[in-house]
Amino acid sequence: MINLRSLSACALLGFTAAASAGYDTHPRFAEFAKEVNEEYQIPEDEVRQWLAQAEKMQSVLDAIARPAERTMNWARYQDIFLTEKRIAGGHEFMKTHAAILQDAEAKYGVPKEIITAIIGVETYYGSRQGSYRVLDSLSTLAFDYPKRPIFWRELKALFALAEAEGVDPGTVKGSYAGAMGYGQFIPTSYLAYAVDGDGDGKRDLWGNPVDAIHSVANYFSRHGWKTGEPVTQRVSVTGEDWKELANKSRSPDWTVAQLTKAGVALSSPVSPEKPATLVHLEGKQGDEYWLGEYNFYVITRYNHSRLYAMAVYQLSESFK
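Residues numbered from 1 in each chain as written. Predicted model: local features only at pLDDT ≥ 70, side-chain atom pairs only at ≥ 80, totals over all residues. Heavy atoms only, no water.

Turning our eyes to something else, we now look at the pairing of strand β7 (residues 286-292). Most of β7 is tucked away, with five of its seven residues classed as buried. Direction of pairing for strand β3 (residues 232-237) relative to β7: antiparallel, over a ladder of four bridges. Within β7, the position partnered with Thr232 by the bridge is Gly292. Where strand β6 (residues 275-283) lies against β7, seven bridges are found, and the strand directions are antiparallel. Bridge pairing in β7 places Gly283 opposite Gly286. Remark: two residues form the turn of the hairpin made by β6 and β7, two consecutive strands paired antiparallel. (Buried < 20%, exposed > 50% of the residue type's maximum accessible area, 1.4 Å probe, protein only. Helix = DSSP H or I, 4+ residues; strand = E, 2+ residues; numbered from the N terminus. Pairing = 2+ DSSP bridges.)

For the rest of this paragraph, the subject is the packing of aromatic side chains. By the definition in use, this model includes 20 aromatic pairs. Ring geometry for Phe32 versus Trp152: centroids 5.1 Å apart, planes at 85 degrees, classification edge-to-face. Of this pair, Phe32 sits in helix α2 (residues 29-40) while Trp152 sits in helix α10 (residues 150-165), and the two are 120 residues apart along the sequence. Residues Phe32 and Trp152 agree in their burial class; the two are buried. (Phe/Tyr/Trp six-rings, centres within 6.5 Å; stacked < 30°, edge-to-face > 60°.)

The next point concerns the confidence of the model for the protein chain. Overall, the predicted model of the protein chain reaches an average pLDDT of 93, with 92% of residues at or above 70. Overall, residues 1-20 carries pLDDT values under 50, and its contacts beyond four positions in sequence, including any with other chains, amount to 28 contacts. (pLDDT = per-residue confidence, 0-100. Contact = heavy atoms within 4.5 Å.)

Remark: helix α7 (residues 98-108) packs on helix α12 (residues 209-222), axes separated minimally by 9 Å, with the N-to-C direction vectors making an angle of 25 degrees. Here α7 is positioned roughly parallel relative to α12, judged by the angle of their axes. Here α7 and α12 pass one another in a crossing that is right-handed. Between α7 and α12, the residues in contact are Ile100, Leu101, Asp103, Ala104, Lys107 and Tyr108 and Pro209, Val210, Ile213, His214, Ala217, Asn218 and Ser221, respectively. In terms of residue class, the contact of α7 with α12 is made up of eight nonpolar, three polar and two charged. (Axes fitted to C-alpha atoms, helices over the stretch in contact; angles between N-to-C directions. Parallel < 35°, antiparallel > 145°, perpendicular 65-115°, else oblique. Left-handed = near helix turned anticlockwise from the far one by under 90°. Nonpolar A, V, L, I, M, F, W, Y, C, P; charged D, E, K, R; others polar.)

In structure tokens, the structure reads:
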């Protein structure tokens, strides 16, 4: 475990030097420390020492206020995530980690292509895991971005993760929103879904591809991935009734029969009783329509964006 008693004298001096700029003096510190102690049994003094070295990052507040995806359409998304270079990188990743991917697919029922595509979209196969110190980014968002209370929860979980995995929260790097490792797990997801894939007693999603691959597969399995079932198919539409259903929900809230009655024409047969949703995207050649089956919804449990889910699906198809 990482705790105060295990810290070196140099580290403690670093805490002291940073204390004046840290979040340990924030008006909500006592509230936060109390919750961390109640939920994870971490002492207030330890929380204070970590938050004393956390720095406010204006770049994080700027980034969270204007996420790029708000202005993107499917055509732009394709230019970023479906490049020849990213596809080639995925083939290389699958070749390098073939045995690990095969083991994960067999254990969790999630295709190796989907696992690889997630890691490819998230971090370019582990090569771009983020340069923000997660302690700084999550402290900034937890205390200075109250409109998203999720980050308050994630900062608490970061301290629990540090204790559980023996990780120094002052050195962990990730995205501006606190996502970490090959698959960009936020701290609560790390605690809940990360697994020790190689049995070495650690769950290392930063440097161990075995743990990372198994953890992504476990996440999908735990969120209901249906082994052997399709993700999506291209469809066409006629009339006007389909407009009331397109992009209304990420979850498959209608049956295929209801969608076909509304003017959706399938390209491959699907049981009328199966749950599905209608996805409408702006592609390079104009409007695209897709039938989102349950596994498409599961991908959106990893990231809520339909664009993201489609990028993962199409990238995975390029590996077959």
